[in-house]
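A structural walkthrough
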Amino acid sequence: MEALQKKFEKAEADLAKALALIEEGKKDKPQRELRMNPPPPSFSGKRSEFPGFVDDFKIYLKVNHQPYDNDDKKISFVLSFFDKGEAAQWKTSFVRDKTNSRGEIELGSWTDFLQ
């Protein structure tokens, strides 16, 4: 009976270790981006449309917090939608202003970007 109890305890311990490894693996696995319908639109450059544009991205980034888990990723993703007209010109100017003497882009904080 004692031998059976030891086998049972070892099996329980092995199962606990296996479950812990599974959970740890889930943490390391990057989450796929959840596509929303429709995706956020490109920004036209009209200042009156900027608050709605930002709101769309706040929602999108809330749902997709893991793929966009730092300020550089968030800012870069949003800037990729500044692709027409005045918005594209503003993006070019912004990136040039944020590029240091070594050619590295320092985008700053998400909070500052939204100002």
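Structure shown above.
This section reports on the structure supplied with the text. (Residues numbered from 1 in each chain as written. Predicted model: local features only at pLDDT ≥ 70, side-chain atom pairs only at ≥ 80, totals over all residues. Heavy atoms only, no water.)

1. Concerning the pattern of salt bridges
Taken as a whole and judged by the stated rule, the model has two salt bridges. The salt bridge partner of Lys73 is Asp69, with a shortest N-O separation of 2.9 Å. Since its relative accessible area comes to 37%, Lys73 is described here as partly exposed. The salt bridge involving Arg102 is made with Glu104; its shortest N-O contact spans 2.8 Å. In this structure Arg102 comes out as exposed when scored by relative accessible area, which is 60%. Here Glu104 falls in the partly exposed class, since its relative accessible area comes to 40%. (Salt bridge = Lys/Arg side-chain N within 4 Å of Asp/Glu carboxyl O. Buried < 20%, exposed > 50% of the residue type's maximum accessible area, 1.4 Å probe, protein only.)

2. So, the layout of surface pockets
Taken as a whole, the largest pocket holds about 400 Å³ of empty space. What lines the largest pocket is a set of 16 residues, among which Phe43, Arg47, Phe50, Phe82 and Trp90 lie closest to the centre. When contributions to the lining of the largest pocket are tallied by element, the ones reaching two or more residues are α4 (85-97) and α5 (110-113). It is α4 that provides the largest number of residues to the lining of the largest pocket, a total of four residues. Of the residues that constitute the lining of the largest pocket, the class distribution is eight nonpolar, four polar and four charged. (1 Å grid on protein atoms, 1.4 Å probe; cavity = no way out; pocket = protein on both sides within 12 Å on 5 of 7 lines; lining within 4 Å. Points joined across faces, edges and corners; volume = space filled by probe spheres on them. Helix = DSSP H or I, 4+ residues; strand = E, 2+ residues; numbered from the N terminus. Nonpolar A, V, L, I, M, F, W, Y, C, P; charged D, E, K, R; others polar.)

3. Here's the deal with the environment of Leu61
With respect to the helices, strands and loops of the structure, Leu61 is situated in helix α2 (residues 50-63). Along the primary structure Leu61 and Glu33 are separated by 28 residues, whereas in three dimensions their C-alpha atoms are 9.6 Å apart. What Leu61 contacts, discounting residues up to four positions off in sequence, is Tyr68, Lys74, Phe77, Val78 and Trp110. (Contact = heavy atoms within 4.5 Å.)

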